Amino acid sequence: MNLDLLVLALADGLSYAGLLFLVALGLTLIFGVMGILNVAHGSLYAFGGYTAASLSGIAIQWDPSTVLLLACLPAAAIVVGVILGAALEIGLLRRVQRGDAVVPLLITFAAFMIFEDLQKLLWGTSPYSAPEVVTRLGTIDVAGGTFNCYQLLLIPGVALAAYVLLEFFLKRTNLGKQVTAVTHNREVATALGINAKRIGLVTFVLGAVLGALGGALAAPTTSLLPGVGTDTIVLSFAVVATAGLGQITGALIAALLIGLARSVAVYMAPELEVVVPYLIMVIVLLVRPNGLFAIAQARKI
Amino acid sequence: MQASVVRVLIAVTAAFVFANCADAQGAKPVELKVGITTFTSGAASVFGVPAKAAAELWVEDFNAKGGLNGVKITPVFVDEGLGGEKFLSEYRRVVQDQGVKVMLASISSGDCNVVAPVAEDLKVIDIMWDCGTEKILEDKRYQYVFRTTSNAVTEMVAAAVHLLRVKPDFKTIAVVNQDYAWGRDSWEIFRNALLALKPDTRVVAELFPKFGAPDFSTEITRLQALKPDVIVSTAWGGDLDTFIRQANQRGLTKTSQFVLPLAESSLERLGKSIPDGVIVGMRGDAYFADPDFKSDAKIKAFVQKFHAKTGAYPIYPVSHVVQALQAVVDAYTVAIKANKGQWPGTDQVADAMRTLEFRALSRPIKIRADGQALQGQLLGVTKSVPELPFALIDQLTLVPADLVTTPVGQKSPEWVKTLKSDLVKSDRIKIVGTPVVTK
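Residues numbered from 1 in each chain as written. Chains lettered and ligands numbered in written order. Predicted model: local features only at pLDDT ≥ 70, side-chain atom pairs only at ≥ 80, totals over all residues.

How do you make sense of the overall build of chain B when you look at a structure like this?
Along the backbone of chain B there are 16 helices and 16 strands. Its C-alpha radius of gyration of 24 Å places chain B within 12% of the 22 Å reference for a compact globule of 439 residues. By principal-axis analysis of the C-alpha atoms, chain B measures approximately 95 × 45 × 40 Å. Within chain B, the fraction of its 439 residues that count as buried is 52%. (Helix = DSSP H or I, 4+ residues; strand = E, 2+ residues; numbered from the N terminus. Rg over C-alpha atoms; globule rule 2.2 N^0.38 Å. Buried ≥ 20, exposed ≤ 12 C-beta atoms within 10 Å, placed from the backbone.)

What am I meant to see in the domain arrangement of chain B here?
As a measure of interface size, the accessible area lost when the parts come together is often cited. Residue and element names in this part refer to chain B. By the assigned domains, chain B splits into domain 1 (12-18 + 22-147 + 296-374) and domain 2 (153-285 + 376-431). Taking only C-alpha atoms into account, the centre of domain 1 sits 29 Å from that of domain 2. In terms of residue count, helix H13 (residues 316-338) provides more of the side of domain 1 that touches domain 2 than any other element does, 3 residues in total. When its residues are assigned to classes, the side of domain 1 that touches domain 2 shows 10 nonpolar, 7 polar and 5 charged. (Domains from an automatic or database assignment. Nonpolar A, V, L, I, M, F, W, Y, C, P; charged D, E, K, R; others polar.)

Sorry if this is basic, but what is going on with the interface of chain A and chain B here?
Listed as interface residues are 34 residues of chain A and, on the opposing side, 31 residues of chain B. When contributions to the side of chain A that touches chain B are tallied by element, the ones reaching two or more residues are helix H1 (3-34), helix H5 (132-137), strand E2 (145-148), helix H10 (228-243) and helix H11 (248-268) of chain A. Examining the composition of the side of chain A that touches chain B, we find that 5 residues originate from one element, H1 of chain A, more than from any other. Taken together, the residues of the side of chain A that touches chain B sort by class into 15 nonpolar, 16 polar and 3 charged. (Contact = placed C-beta atoms within 7 Å.)

In this structure, what is going on with helix H7 (residues 174-184) of chain A? I would like to understand it.
Working note: α-helix, 3.6 residues per turn, so residues spaced by three or four point in the same direction. All names here are of chain A. Within the span of H7, buried status applies to Gln178, Val179, Val182 and Thr183. Buried positions in H7, seen along its axis, are confined to an arc of 145° and lie on one side of it. Buried residues belonging to H7 abut H1, helix H6 (149-172), helix H8 (186-191) and helix H9 (196-218). (Arc of directions from axis to C-beta.)

Please explain unusual backbone geometry as it appears in this structure.
A negative phi angle characterises most non-glycine residues, just as the trans form characterises most peptide bonds. All names here are of chain B. Geometrically, the link from alanine 105 to serine 106 is a cis peptide bond, its omega value of 15° lying close to zero. Assignment of secondary structure puts serine 106 in the loop between strand E3 (102-104) and helix H4 (109-122). Not every positive phi belongs to a glycine, and lysine 227 is a case in point at roughly 45°. Mapping lysine 227 onto the fold places it in the loop between helix H8 (217-226) and strand E8 (230-232). Although it is not a glycine, glutamine 395 sits at a positive phi angle of roughly 50°.

Is there a simple way to explain the packing of helix H2 (residues 45-64) of chain B against helix H12 (residues 297-310) of chain B in this structure?
The relative placement of two packed helices is expressed as an angle between their axes plus a distance between the axes. All names here are of chain B. As a packed pair, H2 and H12 sit with axes 10 Å apart at the nearest point and diverge in direction by 120°. Taken as axis vectors, H2 and H12 run oblique relative to one another. Where H2 crosses over H12, the handedness of that crossing is right-handed. In contact with Pro50, Ala53, Ala54 and Leu57 of H2, H12 contributes Lys305, Phe306, Lys309 and Thr310. A breakdown of the residues in the contact of H2 with H12 according to their chemical character gives 5 nonpolar, 1 polar and 2 charged. (Axes fitted to C-alpha atoms, helices over the stretch in contact; angles between N-to-C directions. Parallel < 35°, antiparallel > 145°, perpendicular 65-115°, else oblique. Left-handed = near helix turned anticlockwise from the far one by under 90°.)

Can you walk me through the sheet that holds strand E13 (residues 373-374) of chain B in this structure?
Two orientations exist for strands paired in a sheet by backbone hydrogen bonds: parallel and antiparallel. All names here are of chain B. Across the sheet, which stays open at both edges, the 3 strands sit in the order E11-E12-E13 with antiparallel pairing between neighbours. Each of the sheet's edge strands pairs with one partner strand only, and the pair in question is strand E11 (357-358) and E13. Of the strand pairs in this sheet, E11 and strand E12 (residues 365-367) are connected by 2 bridges, and their pairing is antiparallel. Considered in E12, the bridge of glutamate 357 is made with lysine 366. (Pairing = 2+ DSSP bridges.)

Would you take a moment to explain the pairing of strand E1 (residues 31-38) of chain B for this structure?
Residues and elements named next belong to chain B. With 6 of 8 residues buried, E1 is to be regarded as a mostly interior element. Of the pairings in the sheet, the one linking E1 to strand E2 (residues 72-79) comprises 8 bridges and is parallel in character. By the bridge assignment, glutamate 31 is partnered in E2 with lysine 72. For the handedness criterion, the β-α-β arrangement of E1, H2 and E2 is classed as right-handed. In the sheet, E1 pairs with E3 via 3 bridges, with the strands oriented parallel. Along E3, the bridge assignment pairs isoleucine 36 with leucine 104. (Right-handed = clockwise from strand over helix to strand, strands pointing away.)

Shown next, in the form of structure tokens:
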């Protein structure tokens with residue numbers, strides 16, 4: 001494998017890693033703050049994608065500008081994330097916070113299955129997509145290969161921006177600091193006057209928006225089908241487990257690692273493509289059972 | 001008092017005797033239950049849902065016209081999305097508990113494989129209405145199992161032949177198929193056929209992304225680096241849509257000739273995302289815009305009704321299910337005639353099936369002694385037209401089935417390797433209609 005091919009493989013891996021990171025980020029944030037492994041995160045991805053595709057489909061009839069078409073994607077993510085995220089947190093998870101840790105897991109799993117059928121009711125079983133925006137943004141030549149600007153620049157850009165903004169939010173803003181405090185110790189934070197319930201809601205909605213954003217950004221390049229949520233949730237579990245649950249920077253690095261390894265595998269050993277993410281996860285967990293970046297229990301995010 | 005009880009008893013006994021005799025003599029049943037297994041969930045529902053709509057439409061129409069000698073057909077649908085064990089027990093249930101006499105099963109070759117021996121045990125006529133694997137009917141002789149469509153060998157050899165007719169001078173080829181039985185098996189047949197017909201072909205990449213892959217970026221980049229003359233893919237559904245869309249967006253369709261034997265089923269969804277000049281086909285020879293049947297009232301009416309019901313044009317699984325239903329009623333009609341107007345038993349219908357020649361939404365189809373149908377293959381190139389929001393298939397070529405299908409009694413893996421290059425030049429392969437004229 002020569003250098004040119006390696007550059008090509010890296011370019012492919014970057015876009016894949018970007019989407020993976022956005023979804024894993026939401027998952028790990030919710031786990032870090034609330035201790036809930038949200039299986040329904042896969043549905044948020046699917047709903048984000050379908051809504052973005054439908055919204056773009058409607059927008060396209062008005063012959064909109066590229067910016068407006070692009071804006072459909074985050075708009076869909078915010079609508080889906082806020083509505084479904086808030087409904088899940090207020091309607092279900094808040095009620096079982098004090099119970100056994102396995103109860104929220106089962107509840108989100110149930111929600112995942114309900115959403116899966118709901119999605120079939122709403123969008124049917126034919127593939128959905130919103131390819132127009134990718135065509136509008138054009139292509140770029142790198143090392144002899146032609147790439148979409150959308151996949152090569154926009155997706156990794158959005159992923160990176162999401163990472164920087166989230167870090168800024170958690171470390172520099174008042175609300176973010178409250179989230180960090182609740183993560184450290186929920187009871188002490190409550191005693192200090194922080195409304196932990198509100199923080200829980202904020203975190204869950206934020207995580208849900210990130211999951212939906214992953215789906216919305218995937219909508220222009222992929223075909224959305226029933227079951228798309230399952231694939232996503234399994235892969236982002238692998239990222240989160242590799243990074244260590246609740247690790248934000250870790251998730252970024254793990255997503256990059258898995259994205260790049262996967263695309264290198266397509267060049268060197270295509271047969272291994274599917275298994276590569278899990279291979280990495282197994283190797284990491286054998287050496288570091290709590291994930292690459294897990295720190296002693298003191299702080300989770 | 002005594003007398004009336006005796007009278008009732010006699011009447012009841014007589015009724016039973018009469019009923020039994022009637023059954024033995026072949027009295028008409030109230031209805032003919034036909035089981036249809038199809039995907040109404042999962043990725044393959046892109047085939048299963050339109051096919052189900054078509055079956056409902058066809059049966060409704062058929063019953064309205066009087067049914068089968070006055071006997072109405074009642075379809076019983078089973079979802080293949082249930083998978084393996086559950087699917088098999090549903091199959092048994094509808095045959096044993098609901099009295100289904102004919103089963104149309106299935107879309108998935110895996111499902112066909114599982115139910116074929118069961119159908120033989122249950123003595124129920126099993127029509128493989130969509131699945132393509134040639135192995136079932138080659139590996140074993142069945143009495144009750146038939147296929148009313150072309151099989152994978154017919155389809156893949158025809159695609160290889162067509163490619164060599166359209167683009168005889170290519171050197172390198174790459175494949176991007178879904179990583180499951182059909183993706184692997186169809187490439188095996190295609191590759192062996194192509195290497196037999198054109199031994200100097202070089203296969204530069206064999207890529208099998210996972211079934212349901214959300215992204216083909218890496219595969220496309222790799223193909224851009226390899227620059228094969230031809231890229232073949234037998235993928236379908238959402239996978240094929242994504243692959244073509246991404247390949248088109250990134251200009252790969254400009255540098256390599258794409259060959260997509262199943263793409264007819266994706267064209268309407270793809271809209272303008274597929275460029276002109278891509279070699280596409282369908283499994284079989286039934287195409288809704290086939291110029292040969294432009295003035296065929298029956299086909300035209302069906303296409304219109306289907307479009308009115310579903311909002312889409314028929315794709316090949318639609319013609320497949322109609323073919324199977326047509327074959328069933330035609331076989332029954334033949335068997336009734338042979339039975340001097342009496343309702344036939346399953347064995348008589350099976351006998352009629354074995355030599356049946358029937359016509360559904362395309363050209364006549366003949367069933368061979370091994371239960372396999374001979375259905376020709378239509379292939380052409382995509383062409384956008386102003387009247388429709390999606391590409392039509394232009395320059396249609398019909399490859400007759402007997403040229404490209406393994407003869408009865410032979411095994412496909414060996415037969416495909418014996419193909420000779422003059423097959424490509426056969427004068428029996430013909431252009432259909434006249435190409436679309438551009439203004």
